[in-house]
Structures are given as structure tokens and as C-alpha cells.
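Working through the structure, step by step
Given next are the chains, with one letter for each unit.
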Amino acid sequence: MRKIILFIASSLDGYIARDSGDIDWLFTDQDYGYTEFIAQIDTLIMGNKTYQQILTFGEYPYQDQEVFVFSKTYSGETNNGAKYINSDWEDFIKTLRTSNGRDIWLVGGAQLIHFFLKHGFIDELILSIHPIILGSGIPLILKDPTIETKLQLQDVKSFDTGLVQIFYNLTY
């Protein structure tokens, strides 16, 4: 079975973006394991807000991967080959996990992460904590007592910039 990995960054106080959706505070000075991580991935899953933000970065970075954008309103395929998934998310994920391929990257955002946690679909979490306190923003984990999930620490890496990367396996 293919693993679904949430590889994401947050501020020290647990936000993945500013209230506006801006991620201008993220470090881009080093690779921070991204190249090694993306080499094990051939499929990406993200929410529509995340997808729309990626489109503002310039050249579309995921031409070599299969991309699924979860949306309640959009359907079909985009001009860069991403496919919208707008119904039967649980069945789609179960089918995708059992299909042939490498690991799957759950890119974000917060609402989709919540859905995946609620349904026990995240196998691993790689969290890059940036040494900044934003004070407000879009939280990594939406408040919901029904998504209590135990994590098993696998590794911790620290960088000279102050960024700390924590690797967990999730158990439901």
C-alpha cells in the first residue's frame, strides 16, 4: 500500500500560512530535505486554495507528478494536467492508496489535512518548524476533538538557521 505523507512547514506557534494565505516567512535558503523527499513521490494531493497559490509561484513545479486537487466546486482537468476531485473523496483515496506507484504527498491546506486526519489517511508527518512566531494565521491542525491521533517519533533534524524538522509515523 502506498503511504500518504504530510510534508509541511509551520511557524513555531503552529500556523502554515498568514491569515491572507501568504507564506513569505518560509525559509528558501536551503533544500531542507525537499529534493530527497520529492524523489520518493509520484503523486500529490492538495486543496484548491493551495493549488491556486502554487500557480502564482511562476513555472508550475509538478509537471513530472500526478496531481489531484480536492475541491467541492471544481471538476475536470486543468491545463497543466492536475485533476480535480470533487466527490467521493474517501473512496478515491482508498483506491489511490492501493494503486501502483510511489508514495503520495499531501501538500495541504488546513481543511484537507483535517479531512485526512479525521479519516486516518496520513501515514507519516514531516514537519519543518520555522523559528518564527506569527501570532495568527491558518493553523496546521484545525480544532476538533474527534481527530486525536498518536504520533511515533522517528527522527529529528536541526539546521543552522534554527529550523527543526520532525519526522513522525501516525497511529490511529
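This is a predicted model, so every value here is computed, not measured.

About the criteria used
Residues numbered from 1 in each chain as written. Predicted model: local features only at pLDDT ≥ 70, side-chain atom pairs only at ≥ 80, totals over all residues. Heavy atoms only, no water. Helix = DSSP H or I, 4+ residues; strand = E, 2+ residues; numbered from the N terminus. Rg over C-alpha atoms; globule rule 2.2 N^0.38 Å. Buried < 20%, exposed > 50% of the residue type's maximum accessible area, 1.4 Å probe, protein only. Areas by Shrake-Rupley, 256 points an atom, 1.4 Å probe, with all protein chains shown as cover. UniProt positions renumbered as here; feature names shortened; annotations may be inferred. Axes fitted to C-alpha atoms, helices over the stretch in contact; angles between N-to-C directions. Parallel < 35°, antiparallel > 145°, perpendicular 65-115°, else oblique. Contact = heavy atoms within 4.5 Å. Pairing = 2+ DSSP bridges. Phe/Tyr/Trp six-rings, centres within 6.5 Å; stacked < 30°, edge-to-face > 60°.

1. Quick look at the overall build of the chain
Regarding its fold elements, the chain presents four helices and eleven strands. For the chain, whose C-alpha radius of gyration is 16 Å, the value lies close to the compact-globule estimate of 16 Å for 172 residues. Taken along the three principal axes of its C-alpha coordinates, the chain extends 40 × 40 × 30 Å. Taken across its 172 residues, the chain has 45% of its residues classed as buried. Working note: accessible area of the chain is about 9400 Å², and carbon and sulfur atoms make up 50% of it.

2. Focus: the UniProt feature "domain: Bacterial bifunctional deaminase-reductase C-terminal" (unreviewed entry) in the chain
Mapped onto this numbering, the UniProt entry annotates "domain: Bacterial bifunctional deaminase-reductase C-terminal" (unreviewed entry) at residues 68-164. Secondary structure within residues 68-164 divides into 20% helix and 34% strand; the distance between the first and last C-alpha atoms comes to 29 Å.

3. Some words on helix 4 (residues 110-118)
At 3.6 residues per turn, the α-helix brings residues three or four places apart onto the same side. The buried fraction of helix 4 amounts to seven of the nine residues, a majority that puts the element mostly inside the structure. Looking at helix 4, one finds that the buried residues are A110, L112, I113, H114, F115, F116 and L117. Just beyond helix 4, the residue with positive phi is G120, at close to 70 degrees.

4. Comments concerning the packing of helix 3 (residues 89-98) against helix 4
Between helix 3 and helix 4, the least distance of the axes is 12 Å, while the angle of their chain directions is 75 degrees. Comparing their axes, helix 4 and helix 3 come out roughly perpendicular. Facing W89, E90 and I93 of helix 3, the residues of helix 4 in contact are L112, F115 and F116.

5. What about the sheet that holds strand 7 (residues 103-108)?
Here we have nine strands laid out as an open sheet, ordered 5-6-4-3-7-1-8-11-10, and mixed in their pairing. If you trace the sheet from one side to the other, it starts and ends with strand 5 (76-77) and strand 10 (150-158), each paired once. With seven bridges connecting them, strand 1 (residues 4-11) and strand 8 (residues 124-130) associate as parallel partners. Residue pairing in the sheet places L6 in a bridge with L125 of strand 8. Strand contacts of helix 3: strand 1, strand 3 (41-47), strand 4 (66-70), strand 6 (83-85) and strand 7, with the helix running at about 165 degrees to strand 4, the strand carrying the most contacts. Sitting on the sheet, helix 4 is in contact with strand 1, strand 3, strand 4, strand 7 and strand 11 (164-171), with an inclination near 130 degrees to strand 7.

6. Remarks on unusual backbone geometry
Of note, the bond from G108 into G109 is cis; its omega dihedral lies within 30 degrees of zero at 5 degrees. Summarising the element assignment, G109 is placed in the loop between strand 7 and helix 4. The phi torsion at D88 lies on the positive side, around 50 degrees, for a residue other than glycine. As for its placement among the helices and strands, D88 is situated in the loop between strand 6 and helix 3. A relative accessible area of 55% means that D88 is categorised as exposed.

7. Overview of the packing of aromatic side chains
What the rule picks out here adds up to 19 aromatic pairs. When the centroid spacing of 6.0 Å and the interplanar angle of 65 degrees are considered together, the rings of Y34 and W105 count as edge-to-face. One end of the pair, Y34, is in helix 1 (residues 34-39); the other, W105, is in strand 7, and 71 residues separate them in sequence. In this structure W105 comes out as buried when scored by relative accessible area, which is 5%. Between Y51 and Y60, the aromatic rings sit 6.3 Å apart at their centres with planes inclined by 75 degrees, giving edge-to-face as the arrangement. Summarising the burial analysis for this pair, Y51 and Y60 share the class buried. Among the aromatic residues, ring-to-ring pairing joins F7, Y34, F37, Y51, Y60, Y62, Y74, Y84 and W105 into one connected group.

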